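# What the coordinates show
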Amino acid sequence: MKLLVSNDDGIFAKGIRALANTLAEAGHDVTVVCPDRERSATGHSLTLHKPIRVEAVTSVFDPKVKAWACSGTPSDCVKLALAEILSERPDYVLSGINHGANLGTDILYSGTVSAAMEGLIEHLSAIAFSLASYSSDNFSTAAQFARVLVESLAKTKPTKPMLLNVNIPSVSPEAIAGVAVTRQGSRRYDELFEKRVDPRGKTYYWLAGQLTDESVDPPLDTSEEPYLLTDVQGIRQNYITITPLHYNLTCLLDIPYLNQQALDLPYPVWSQSNYSNEN
């Protein structure tokens, strides 16, 4: 398979090296395009007001891996790779392996997930991989699982492009409880801005929030899946979690409320009958 690999930890991160090398050793055609330095928590930002530079890298990865370091964000990297660097569209866009979990509401800030989401926006299946630890740098189990998952999906051939957010617990292979298909949970932080003064006497702030709550949301209001573990719950129980995502943020559950309420607005509220009349 042709695989495009990116990340937000940068070109020298151990996680992307483990992922790219493992896939190349398995015989896949791997191209890496990732930031030239750490770009964590950049979300889906793009570089619009300065040039983006890219440079070939030859000394970091397995010789079979083609690699470029990009001055832009993770989303820039995937956009640039698909538009300019690759001669053919890849079968999958992969991101990671991130050093640290991407669970719950963290995915809204995650450069790792955003790089993968850029693939989905371009109608390609994509997977974001994260090791659920900031202290461990043993990515071998996560990299081997990534290989198995990508190859398994290639055999089953999903009917449409998918975006999967995968978190792997930082435990030995024997301690992994299994694989759980999960839904997105939530994480809350006590936001702390540490106030400091630089050598020139000017004030600046350093964000240093602490995780205060990993919530278990109520069951889904759906007959198809009355209950699913959240990604937060699954990692707590040493499951590898696989959470399907999409970039459409519409909250369908709130639409009936807004349509049925007598909102005090100066204009009529559009209804389904309007659609019939307009078409």
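About the thresholds
One numbering rule holds for all chains: residues counted from 1, following each sequence as written. Selection of residues for local features in this predicted model requires a pLDDT of at least 70, selection of side-chain atom pairs for listing and counting requires 80 or more, and totals for whole chains, interfaces and linings are taken over all residues. Neither water nor hydrogens contribute to the side-chain values; these are computed over all heavy atoms in the structure. UniProt positions are given in the numbering used here, feature names are shortened, and annotations may be inferred rather than shown by experiment. A pair of strands is treated as paired once DSSP finds two or more bridges between them. In this text, helices come from DSSP runs of H or I with a minimum length of four residues, and strands from runs of E with a minimum of two, each type numbered from the N-terminal end. Lines fitted to the C-alpha atoms define the axes, with helices restricted to the stretch that makes contact. Angles between their N-to-C directions range from 0 to 180 degrees. What counts as a salt bridge is simple: a side-chain nitrogen of Lys or Arg found within 4 Å of a carboxyl oxygen of Asp or Glu. Burial classification: accessible surface area is computed with a 1.4 Å probe over protein chains only, and a residue below 20% of its type maximum counts as buried, one above 50% as exposed, and the rest as partly exposed. Oblique is the label for any angle not covered by the other classes, which are roughly parallel (under 35 degrees), roughly antiparallel (over 145) and roughly perpendicular (65 to 115). Definitions for this section: a left-handed crossing has its near helix turned counterclockwise from the far helix by less than a right angle. A right-handed crossing has that turn clockwise. Two residues form a contact once any of their heavy atoms are found within 4.5 Å. Polar here means any residue outside two lists: the nonpolar Ala, Val, Leu, Ile, Met, Phe, Trp, Tyr, Cys and Pro, and the charged Asp, Glu, Lys and Arg; Gly therefore counts as polar. Seen with its strands pointing away from the viewer, a crossover is right-handed when the path leading from the first strand over the helix to the second is clockwise. Polar contact is defined as a pair of N or O atoms within 3.5 Å, subject to the rule that within protein one atom must be able to donate a hydrogen and the other to accept it, and that residues adjacent in sequence are counted only when both atoms are side-chain atoms.

Named according to an unreviewed UniProt entry, the chain is 5'-nucleotidase SurE originating from Roseofilum casamattae BLCC-M143. UniProt's Subcellular location (unreviewed entry) comment on the chain is quoted here verbatim: "Cytoplasm".

Take the sheet that holds strand S5 (residues 92-99) next. Read from one edge of the open sheet, 9 strands run S3-S4-S2-S1-S5-S6-S7-S13-S8, paired in mixed fashion. Since the sheet does not close on itself, it has two edges, and those belong to strand S3 (54-57) and strand S8 (178-181), each with one partner. Across the sheet, the mean angle from the axis of one strand to that of its neighbour is 20°, orientation sign disregarded. Note that strand S6 (residues 125-131) and strand S7 (residues 163-168) share 6 bridges and pair parallel. Of the residues in S7, the one forming a bridge with Ser 130 is Asn 167.

Under the counting rule described, the total for this entry stands at 8 salt bridges. The salt bridge involving Asp 29 is made with Lys 66; its shortest N-O contact spans 2.7 Å. Of this pair, Asp 29 sits in strand S2 (residues 29-35) while Lys 66 is found in strand S4 (residues 66-70), placing the two residues 37 residues apart along the sequence. Looking at Asp 29, the relative accessible area reads 31%, which means it is partly exposed. Its relative accessible area of 37% is what places Lys 66 among the partly exposed residues.

Viewed as axis vectors pointing N to C, helix H1 (residues 14-25) and helix H4 (residues 140-156) meet at an angle of 45°, and their least axial separation amounts to 9 Å. Accordingly, the angle class assigned to the pair H1 and H4 is oblique. Remark: the crossing between H1 and H4 carries right-handed chirality. Residues Ala 18, Leu 19, Thr 22 and Leu 23 of H1 form the contact with H4, whose own contacting residues are Ala 143, Gln 144, Ala 146 and Arg 147. Its residues assigned to classes, the contact of H1 with H4 shows 5 nonpolar, 2 polar and 1 charged.

The subject of this paragraph is the pairing of S7. Regular strands show a simple pattern: their side chains alternate between the two faces of the sheet. Of all 6 residues in S7, 6 are buried; the element is thus mostly enclosed. Covered by surrounding structure in S7 are Leu 163, Asn 165 and Asn 167 together with Leu 164, Val 166 and Ile 168, the residues of both alternating faces. As for the winding sense of the linkage, the β-α-β connection from S6 through H4 to S7 is left-handed.

Right, let's talk about the UniProt feature "binding site: a divalent metal cation" (unreviewed entry) in the chain for a bit. In this numbering, the UniProt entry assigns the feature "binding site: a divalent metal cation" (unreviewed entry) to Asp 8, Asp 9, Ser 40 and Asn 98. Look at the named residues: they lie 91 residues apart in sequence, but the longest C-alpha span between them is just 9.2 Å, so in the fold they bunch up. You can call Asp 8 buried: its relative accessible area is 3%. Sequence-distant contacts of Asp 8, defined by excluding residues within four places in its chain, comprise Pro 35, Arg 37, Glu 38, Arg 39, Ser 40, Ala 41, Pro 74, Asn 98, Gly 111 and Thr 112. Looking at the element boundaries, Asn 98 is found in strand S5. For Asn 98, a relative accessible area of 6% translates into the label buried. Beyond its immediate sequence surroundings of up to four residues, Asn 98 is in contact with Asp 8, Asp 9, Thr 112, Phe 129, Ser 130, Leu 131 and Phe 139. From its side chain, Asn 98 meets the backbone oxygen of Gly 100 in a polar contact 2.8 Å long.

Further remarks concern the packing of helix H2 (residues 74-85) against helix H3 (residues 111-121). Taken N-terminus to C-terminus, the directions of H2 and H3 make an angle of 25°; their axes are 8 Å apart at the nearest point. Put simply, H2 runs roughly parallel to H3. Crossing of H2 over H3 shows right-handed handedness. Residues Pro 74, Ser 75, Val 78 and Lys 79 of H2 lie in contact with H3, whose contacting residues are Gly 111, Ser 114, Ala 115, Glu 118 and Gly 119.

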